[in-house]
Amino acid sequence: MDLTRRDFIKLIGGGATGAIIFSACGIPEEELYFQSPNKLPEDQVTGIDNWYATLGSNGEGLAVRIMEGRAKKVEGNSDYPSNTGAHSYSNEAELQILYHPERLESPLVRDGNRGSGKWIEIGWNDAYQRINDQLNTLGYDKSRFVTKPLGGRSSSVISAFSDELGNKLLSYSFFEDTNLINALNIITGSGNIPKLDIGNSDMVLNFGMDFLNSSYSQAMFGREYGKFRTSPRGNLYHIEPRLSLTATNSDEWIFCELGTEGMIASAIAYVLISEKLVNTDFAKKINSNDLSDFMPEKISKITGVKPDKIVDLAHKLAKSKHPLIIGGDTASANTNGSSNMIAIYALNLLLGNINKEGGLVLNPDSPLADLHSSRTTSSYREILSLIGDIDSGTTNSLFINQVDLNYSVSGNINLKSSLSKLGFIVSMNSFIDDTSQYADIILPLNTQFESWGNDVPVIGPGYEVVGFQQPIVKSRFSNKGRQSGAKSAEEIIMELSKIMDFKNKYSGKTMKDVLMDDAKNIMNLNRGSIRANDLKTFWNGLLSRGGWWDVKSKVSKLEKTKLKQWPKINSPEFSSSKSSYHLIPFKTTVSDGSLANLPWLQGLTDPMTTIAWETWVEINEQEADKLKIKEGDVLEIDNGNGRKIKAVAYPTPATPPNVLSVPVGRGQKTGRYTSGFGTNIYSIMNTSYDSNTGAHAWASNKVNIKKTKKNIKIPKFEGRFEETKRDPHNHIIKIKSSDSDH
């Protein structure tokens, strides 16, 4: 009997809610991605579309519309637990990465001096042989590998290669989460970031985490926030030195001085314990006398928060049935960031909401022991150590995977000079950026939509989830022949390993083989969203639904907290005592700069200011009046160490007088849609880090400003058009004076 589509869905455990992502109709039996060639003949037009499930670069489950072999539209996968049908704008822009005019089509070798921009196309075998010869000459043990944060088998494959070289794989992200992971590990005893159960909480106290502008999944947090605001409505209190997008959506934004978040959390703890408002096991271990230095009236001047406000927050938390305290971003990005984060999340211990509804819901480990999420695994201090090794000659060759170090590493470091000392640089990228322009060989990469992969959500839903990613279109440059075109990073590493005679558990396999091994291991568990008697049926089910999950696989037994007493809170240190303003960098539509080459996102206006294609400085309106600064004036921002940038002024009453906020992500020197647009704020940042964890203290910069004689019109929507006049002569709505009513 033929297997119908409805029967197929039932067989693999699907349901009506995920129907849009099932694409069994019209799929060739041997593969689940569309086989039509990229360049279609004129007569090959059927007008039939299909939807295929895959993963986005931020780990969200997606459903992509394919017509005639081309990706046309991106939607959220309604079946995928993390985002349940919604998706972030960055995933919408994945289409523009796929069809970007500046994508590299073949391996390139440098022709001329580094940075000259002169390249020669070579074949893949030639590229592999050149790399092997150079590494044999320079020595494997002097090679290092730096990558963007990777998850799933991408991380496993590249880590295995780096281990064969004899060195630990480094992952780099400017907005690292080292302090967050460290604090949560101490508080919960787990290495996994728990689900922040905002949706089931009735009160959220947030220290600086801009979760509505999150790098993890804006769709996930958007869903949680929407649920939080439905009846019964929860209340959000947001403590931060800057009015961020999340602060704007809170019930109350509470200004605090930068780096004092841990003191405020400790003051709340003092009130809770001294007034005996909590009675948990952890609360019994803490003596209020140990927290006497954080009495609200003692720290009020330092923190900028009034004592009665601290007491009020403590009382509200004690009365709440499902309180949740979270923190991140600016709260973790100072020299005392680690102690801040421990104190903030320790409030959850005091209130006893660990692994409870509306609290910190623990996430279980992956069903595959060595499969992990794509969180940052290296600290900023480790990256600085690598640069020191390059300068000293300890490291002589470097692999770089989709990381623009030369753009985003602090301007206090002359990275260009360090790169010039390397004997060999290999860049793996889809584009030429500010770092790969100094490479000796560039290996072009397939995009997310052309590659195999899997991943575990960085912040899971409270149960096991493994997402699977399939190539939904053929590699765009596959028509160029086997020795040209682009490949996935994993495919490159596997083929290069074979040339270099590296032996590990991925030797002799393709990425698809590796994923099918994972699928077999999951199938053998015989539980979860998909069950089948044979691997082929299970595999098709995985790809059709975009992954596997088991809603029953929750953490039932709590690990003991590693926190024995209340943490010591260090005072924050800043870059220049002579400078007047705190500099707070923040992300906007182009993220940390990794998406700046996409004109869709460059032109997508900032939700707070409606500005696009530009770098601006948010300055207090009254402060601007004192300095005779008006909107559009070009300001010179000086970090006090000889480095300066220019950006346009955007006066606003929402910015505190001692703070300047500037978006990151623009000001690159290469690229059609990046060069000449905005300013690189990274270039004036210092290299300070938290001494406990090595995390980058990117909010510890202080600067001065100077008005230049130039003024430009800021590209924005706000204020460009007058509101359409409605019934100006009162013809429709009659207006009467109060006297006429009597």
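A. Molecular detail of the pairing of strand 18 (residues 464-469). The buried count for strand 18 comes to six of six residues, which makes it a mostly enclosed element. Of the two faces of strand 18, the one holding Glu464, Val466 and Phe468 and the one holding Val465, Gly467 and Gln469 are both buried throughout. Here strand 17 (residues 453-455) pairs with strand 18 via three bridges, running antiparallel. Bridging across to strand 18, Gly453 finds its partner in Gln469.

B. Region of the structure containing the confidence of the model for the protein. Confidence in the prediction for the protein averages 90 pLDDT; 91% of positions are at 70 or higher. Counting contacts from residues 5-43, a segment whose pLDDT is below 50, to residues more than four positions away or on other chains yields 80 contacts. Low confidence marks residues 738-742, where pLDDT is under 50. Its contacts with residues over four positions away, or in another chain, come to one contact.

C. Layout of the sheet that holds strand 9 (residues 203-207). Pairing in this open sheet of four strands is parallel, and the strands run 11-10-9-12 from one edge to the other. Both edges of this open sheet fall to strand 11 (252-254) and strand 12 (323-327), since each of them pairs with a single strand only. Ignoring strand direction, the axes of neighbouring strands in this sheet form an average angle of 15°. Pairing between strand 9 and strand 10 (residues 235-239): five bridges, direction parallel. Within the sheet, the bridge partner assigned to Val204 lies in strand 10 and is Leu236. Helix-sheet contacts for helix 13 (residues 337-351) involve strand 9 and strand 12, and the interaxial angle to strand 12 is about 170°.

D. Molecular detail of the pattern of salt bridges. Taken as a whole and assessed by the stated rule, the structure comprises 30 salt bridges. With its nearest N and O atoms 3.7 Å apart, the salt bridge here joins Lys630 to Asp633. One salt-bridge network, in which partners are shared between bridges, spans Arg153, Asp370, Lys505 and Asp518.

E. Main features of the packing of helix 9 (residues 261-274) against helix 13. Orientation of helix 9 relative to helix 13, taken along the N-to-C sense of each, is 25°, at an axis distance of 7 Å. In terms of their interaxial angle, helix 9 and helix 13 are classed as roughly parallel. Crossing angle aside, the handedness with which helix 9 passes helix 13 is left-handed. Note on element contacts: helix 13 touches helix 9 through Asn340, Ala343, Ile344, Leu347, Leu350 and Leu351, opposite Glu261, Gly262, Ala265, Ser266, Ile268, Ala269, Leu272 and Ile273.

F. The layout of surface pockets, seen in detail. What the second largest pocket holds in volume is close to 940 Å³. Along its surface, the second largest pocket is lined by 34 residues, and Ala486, Lys487, Glu491, Glu495 and Thr510 are the ones closest to its centre. Elements with a contribution of two residues or more to the lining of the second largest pocket: helix 4 (124-138), helix 17 (489-499) and helix 18 (511-523). Residue composition of the lining of the second largest pocket, grouped by class: 12 nonpolar, 13 polar and nine charged.

G. The packing of aromatic side chains, seen in detail. A full pass over the atoms with the stated rule returns 19 aromatic pairs. With a centroid separation of 4.9 Å and 80° between ring planes, the pair formed by Phe174 and Phe175 is classed as edge-to-face. Here the two residues Phe174 and Phe175 agree in accessibility, since each one is buried. Judged by centre distance (6.3 Å) and plane angle (90°), the ring pair of Phe468 and Trp539 falls under edge-to-face. Here Phe468, found in strand 18, pairs with Trp539, found in helix 19 (residues 535-545); they are 71 residues apart in sequence, far enough to count as distant. No difference in accessibility class separates Phe468 from Trp539, as the two residues are buried. One aromatic cluster is present, formed by Tyr140, Phe145, Phe161, Phe399 and Phe502 through successive ring pairs. Above the face of the Phe586 ring, Arg242 is positioned so that its terminal group lies 3.6 Å from the ring centre.

The rules behind these values
- Residues numbered from 1 in each chain as written.
- Predicted model: local features only at pLDDT ≥ 70, side-chain atom pairs only at ≥ 80, totals over all residues.
- Heavy atoms only, no water.
- Buried < 20%, exposed > 50% of the residue type's maximum accessible area, 1.4 Å probe, protein only.
- Helix = DSSP H or I, 4+ residues; strand = E, 2+ residues; numbered from the N terminus.
- Pairing = 2+ DSSP bridges.
- pLDDT = per-residue confidence, 0-100.
- Contact = heavy atoms within 4.5 Å.
- Axes fitted to C-alpha atoms, helices over the stretch in contact; angles between N-to-C directions.
- Salt bridge = Lys/Arg side-chain N within 4 Å of Asp/Glu carboxyl O.
- Parallel < 35°, antiparallel > 145°, perpendicular 65-115°, else oblique.
- Left-handed = near helix turned anticlockwise from the far one by under 90°.
- 1 Å grid on protein atoms, 1.4 Å probe; cavity = no way out; pocket = protein on both sides within 12 Å on 5 of 7 lines; lining within 4 Å.
- Points joined across faces, edges and corners; volume = space filled by probe spheres on them.
- Nonpolar A, V, L, I, M, F, W, Y, C, P; charged D, E, K, R; others polar.
- Phe/Tyr/Trp six-rings, centres within 6.5 Å; stacked < 30°, edge-to-face > 60°.
- Lys NZ or Arg CZ within 6 Å of the ring centre and 35° of its normal.

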